[in-house]
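Each chain is listed here by its residues.
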Amino acid sequence: MAMASIEYIAASAIAAFRDTGSAMARAMLVALGIRPADVARERGPRVGEVVSASRYAELMECFENAESPMDGRA
């Protein structure tokens, strides 16, 4: 089974963060030890700032997953 390299995962997370600014892409950057501010093309939202729902659509999809192998229910 082929595995994705850390370099590939980091490049994908950077591209996704720059394209969508999604919470999932940001979380992957943080997990990899990459500061989102270092790769952002523009300033991210400040605390308490209103943002579009599309920024968090992927995150909500993740929370709605009822059969994740990570929690032993699959």
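Residues numbered from 1 in each chain as written. Predicted model: local features only at pLDDT ≥ 70, side-chain atom pairs only at ≥ 80, totals over all residues. Heavy atoms only, no water.

**Remarks on the pattern of salt bridges**
Okay, so step 1: A full pass over the atoms with the stated rule returns one salt bridge.
Okay, so step 2: Residue Arg35 is joined to Asp38 by a salt bridge in which the shortest nitrogen-to-oxygen separation is 3.4 Å.
Okay, so step 3: Given the relative accessible area of 52%, Arg35 is considered exposed. (Salt bridge = Lys/Arg side-chain N within 4 Å of Asp/Glu carboxyl O. Buried < 20%, exposed > 50% of the residue type's maximum accessible area, 1.4 Å probe, protein only.)

**Brief notes about the environment of Met28**
Okay, so step 1: Tracing the backbone shows Met28 in helix α2 (residues 23-31).
Okay, so step 2: Note on Met28: relative accessible area 36%, which makes it partly exposed.
Okay, so step 3: Placed 12 residues apart in sequence, Met28 and Ala16 show a C-alpha to C-alpha distance of 9.9 Å.
Okay, so step 4: What Met28 contacts, discounting residues up to four positions off in sequence, is Ile9 and Ala13. (Helix = DSSP H or I, 4+ residues; strand = E, 2+ residues; numbered from the N terminus. Contact = heavy atoms within 4.5 Å.)

**Describing the environment of Ala11**
Okay, so step 1: Mapped onto the fold, Ala11 is located in helix α1 (residues 6-20).
Okay, so step 2: Measuring from C-alpha to C-alpha, the distance between Ala11 and Leu29 comes to 9.6 Å, with 18 residues separating the pair along the chain.

**Quick notes on α2**
Since the α-helix turns once every 3.6 residues, residues separated by three or four places project in the same direction.
Okay, so step 1: When α2 is considered as a whole, its buried residues turn out to be Ala23, Ala25 and Leu29. Down the axis, α2 shows its buried residues gathered within 160° of arc, on one side only.
Okay, so step 2: Two residues or fewer after α2 comes Gly33, characterised by a positive phi angle close to 80°. (Arc of directions from axis to C-beta.)

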